[in-house]
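Descriptive structure summary
This is what each chain is made of:
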Amino acid sequence: MKLVQFIDFLIQRKRTVLRLCYAVLALLVIWDAIPFFVNKEHAHTDFETIPGFWAVFGLVGCMFLILISKAFGHTGVMKGEDYYNE
Amino acid sequence: MSDLWIHPGMILLVGAALMPLVPSVLKKPYLLLIPALTFLRVCFLQQGTFGVIDYGQWQLTFGRVDALATVFGFVMALMSFLGTLYNLQTKGNSQHIATWVYAGSALGAVFAGDFATLFLFWELMAFSSVFLIWMRGRKESMGSGYRYLLVHVAGGVLLLLGIILHCSNGGSWEFSLLNFHQPTLAMYLILAGFLLNAAVPPLHAWLPDAYGEATVGGSVFLCAFTTKTAVYALIRGFAGYEILIPLGVIMALYGVVYAVLENDSRRLLAYHIISQVGYMVAGVGIGTELAINGVCAHAFAHILYKGLLFMGCGAVLHMTGQSKFAELGGLYKKMPWTFLFTLIGGLSISAFPLFSGFVSKSMIVAAGFEEHKLWVGYLLMLASVGTFLHTGLKVPYFIWFGKNRCQAETWQRAKEPPWNMIAAMSVTSALCIFIGSWSPWLYSKLPYAMEYHPYTSYHVSETLLLLLFTAVGFFILLKKLEPHPLVSLDIDWFYRKFGKVFLWVARKPIQATDTLVGEVYRVLGMSPLLMSSRLASLFDNHIIDGAIDQLAVTVGGIGRRLRTVQRGVLQENLLLALGISGVIVLILVLIFRQ
């Protein structure tokens, strides 16, 4: 049950963990933007050389997928669970 | 060629046939021994053509062993072992027999060298796997199973028609690359049969319907074999057929959209099979050596991580009796190890660095970019975002964290699954991490020799940014993803509703017509009759008897006649209704013509 204690340990320090996550995200964007660390010569398109391109792609793409799918679901695709049993 | 050549699938099939004879003391060792022997047999297969049998005018080739068949055979045999280990606690023989016949026939299809043998095993797969759905024993699983069987029988008929047309028009019985530059009807039929098993929309709805409803162990087998055999068949027959690229990309995104809406964890995973097989179908369409290697590697990795994910969610279902997000939550306190293994599966399917998807999926995406199909590359990257969003985040979060929606009974039942399930999940997790961390092992098994390095600084950085910022988006819109007890309609709506409409037509309109006609006569016949009777009595009270008596007699006569009409059988009533409506239509036409 040590795994549970470890997870609880992290949950109790939620604020610190979150700050750490933000720091990692920021560091990654910076690391990605420095050509010395990340060689973008083999990037497939010019867009990708824009700093933080894939970060924006991930964030916007994720929100886009959720919102579009939900909108699609609300067009009448989502029904009550006993829809087929009636 | 050689009579002594032992088909790996045959070991499972014979093992299944002998299972009822095994004494119960030896049952568990036997269950582990047979898949282990199958796996060893695949490991020591020599390349070449074996098991050729002359049957009338046909030459059946049971053992075409080449690099492509071996890589699929290897991972399928491995999964048979892991799946059986996971399923070990299942009592009775029937489910184990069904899984072995199913896995054995998948191996049969992979090593088949000609169309006849392929078709034989193709059908055997469908007919054995349906039992894994029925054996869940719920009322819904009966329906799901029948739908699964009907759809696959229809697909099998298409495939058989295609094969017969292909061969009677001078095509070879040997199962090899088809000439899709000059498409024929036969080729399209064969393709349709393959695409149905690969669950390409709109031929996909059987998959979430069946895999969400199958037994806990059954789903672990189902997710590995049917779609991957179809991917193998597509590589054999249609590598480089460009139409598969858009189909694959649509699949990859389609599964992601439905996964957002899904409330059942195993149905969500099933939609992600469609999404992941989409990558493979697109890769087959691209058809370059890098792409085909990518497809094989991804199918290999996919069988393991998807098996692992179904094991994790299956363990939750097995222990708690629940698989719906709206009935779960907060389970990390009760099933922490199951959580960890499922998370490893989620990170593998999402292609996190050091996990198996990272070294396989990127080859297909890279092949898309290299062929200057930029839209393919970008849309597949978008599908990757969706993959991590659901399988890496939504599944673990709403089962093991989030709001505790468990009922008291669910919470009480929840604890870690039996040792064999834990063992199967740990071995599969270890393999997922091993493949991701030591890519040469997987790459050495691929059909083409190549130089590909997944761990470049750019690829790692690109992936980390993409996935970690997806996580940011997930937590921003967490409220939108809260589970609700809803189902999403898919293409199966058409055939599920068609069955109901058929029954309805057979019953309702005829009954309704009868009732309607009765009602019409009640209103048109009885009410005026009563009214006129009242009038008659008025007349009777106030006017001289003789004339009144005559009127009453007349009204009574009309009433009797109307009553006989009302008692008339349905045909008469229908005829009268038709006659009346005909007169009304005639009158209306005459009025409106002026």
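Residues numbered from 1 in each chain as written. Chains lettered and ligands numbered in written order. Predicted model: local features only at pLDDT ≥ 70, side-chain atom pairs only at ≥ 80, totals over all residues.

**A short note on the overall build of chain B**
A count of helical and extended segments in chain B gives 22 helices and three strands. Burial status across chain B gives 51% buried among its 594 residues. The contacts in chain B between residues at least 6 apart in sequence include a share of 81% that link residues at least 24 apart. (Helix = DSSP H or I, 4+ residues; strand = E, 2+ residues; numbered from the N terminus. Buried ≥ 20, exposed ≤ 12 C-beta atoms within 10 Å, placed from the backbone. Contact = placed C-beta atoms within 7 Å.)

**Considering the overall build of chain A**
From N to C terminus, chain A includes three helices and one strand. The secondary structure elements of chain A, listed N-terminal to C-terminal, are α-α-α-β. Taking 86 residues into account, the globule formula puts the C-alpha radius of gyration at 12 Å, and chain A, at 21 Å, lies well above it. On the principal axes, the C-alpha backbone points of chain A span a range of 65 × 45 × 20 Å. When each of the 86 residues of chain A is scored for burial, the buried share is 15%. (Rg over C-alpha atoms; globule rule 2.2 N^0.38 Å.)

**A word on the pairing of strand β1 (residues 48–55) of chain B**
All names here are of chain B. The pairing of β1 with strand β2 (residues 58–65) spans seven bridges and is antiparallel. Paired with V52 across the bridge in β2 is T61. Taking the residues that link successive antiparallel strands as the turn, the β1-β2 hairpin has two residues, and the phi of G56 there is positive, at about 60°. (Pairing = 2+ DSSP bridges.)

**Here's the deal with unusual backbone geometry**
Residues and elements named next belong to chain B. The omega torsion of the bond from P201 to P202 falls at 5°, within 30 degrees of zero and hence cis. Structurally, the position occupied by P202 is in the loop between α7 (185–197) and α8 (206–211). For L354, which is not a glycine, the phi torsion comes out positive at approximately 80°. Relative to the helices and strands, L354 is located in the loop between α13 (336–349) and α14 (356–370).

**Here we look at the packing of helix α4 (residues 94–111) of chain B against helix α9 (residues 216–238) of chain B**
Residue and element names in this part refer to chain B. Following both chains from N to C, one finds α4 and α9 inclined at 15°, their axes separated by 10 Å at the closest point. It follows that α4 is roughly parallel to α9 by the angle criterion. Of the two possible hands of crossing, α4 and α9 adopt the one that is left-handed. Listed contacts from α9 to Q95, T99, Y102, A103, A106, A109 and V110 of α4 are G217, G218, F221, F225, T229 and Y232. (Axes fitted to C-alpha atoms, helices over the stretch in contact; angles between N-to-C directions. Parallel < 35°, antiparallel > 145°, perpendicular 65-115°, else oblique. Left-handed = near helix turned anticlockwise from the far one by under 90°.)

**Details of the interface of chain B and chain A**
Opposite the 42 residues of chain B that make contact, chain A presents 37 residues. Looking at the side of chain B that touches chain A, the elements with two or more residues in it are α10 (244–261), α13, α15 (374–400), α19 (457–476) and β3 (486–488) of chain B. Per-element accounting of the side of chain B that touches chain A gives the leading share, 15 residues, to α19(B). Looking at the side of chain B that touches chain A residue by residue, the class counts come to 30 nonpolar, eight polar and four charged. In this structure, strand β1 (residues 78–80) of chain A lies alongside β3(B), joined through three bridges in antiparallel fashion. Bridged to A:G80 within β3(B) is B:L486. (Nonpolar A, V, L, I, M, F, W, Y, C, P; charged D, E, K, R; others polar.)

**Some words on the nonpolar core**
In this structure, B:M76, B:A198, B:V231, B:L234, B:V281, B:A282 and B:V295 are the most contacted members of the largest nonpolar core, which totals 191 residues. Ranked by residues supplied to this core, first place goes to helix α12 (residues 289–320) of chain B with 21 residues. (Core = buried A, V, L, I, M, F, W, Y, C linked by C-beta atoms within 7 Å.)

**Notes on the packing of α12(B) against α14(B)**
Residue and element names in this part refer to chain B. For the pair α12 and α14, interaxial distance at closest approach is 8 Å and the crossing angle is 150°. On the basis of the axis angle, α12 is roughly antiparallel to α14. In this structure, α12 meets α14 at a crossing whose hand is left-handed. Along its contact with α12, which presents L290, A291, N293, G294, V295, A297, H298, F300, A301, L304 and Y305, the element α14 presents S356, G357, V359, S360, K361, M363, I364, A366, A367 and E370. Among the residues making up the contact of α12 with α14, the classes are represented as 13 nonpolar, six polar and two charged.

**Thoughts on the confidence of the model for chain B**
Close reading of the predicted structure is inappropriate where its pLDDT is low. Here chain B shows a mean pLDDT of 88. Residues at 70 or above account for 90%. For this predicted complex, the interface score ipTM comes out at 0.92, alongside a pTM of 0.84. (pLDDT = per-residue confidence, 0-100.)

**A look at the environment of B:W100**
All names here are of chain B. Turning to its location among the elements, W100 is positioned in helix α4. For W100 and S129, which are 29 residues apart along the polypeptide, the C-alpha to C-alpha distance reads 9.6 Å. W100 has contacts with L12, G15 and A16, leaving out every residue within four places of it along the chain.

**Describing the environment of B:A198**
Residues and elements named next belong to chain B. When you line up the elements, A198 lands in the loop between α7 and α8. Sequence spacing of A198 and L118 is 80 residues, and the spatial spacing of their C-alpha atoms is 15 Å. Every residue in contact with A198, bar those within four places of it in the chain, is listed here: T227, A230, V231, L234, V277 and V281.

**Description of α13(B)**
Residue and element names in this part refer to chain B. With 14 residues, α13 ought to run about 20 Å at 1.5 Å a step, and its terminal C-alpha atoms sit 20 Å apart, in line with that. Most of α13 is tucked away, with ten of its 14 residues classed as buried. Along α13, the residues that are buried comprise T338, F339, F341, T342, I344, G345, G346, L347, S348 and I349. (Expected span 1.5 Å × (residues − 1).)

**Comments concerning the environment of B:L489**
Mapped onto the secondary structure, B:L489 falls in the loop between β3 and α20 (492–542). Overall, the presence of 18 C-beta atoms within 10 Å leaves B:L489 in the partly exposed class. Counting along the chain gives 227 residues from B:L489 to B:E262, while the straight-line C-alpha distance between them is 10 Å. Sequence-distant contacts of B:L489, that is, excluding residues within four places in its chain, are made with A:V77 and A:K79.

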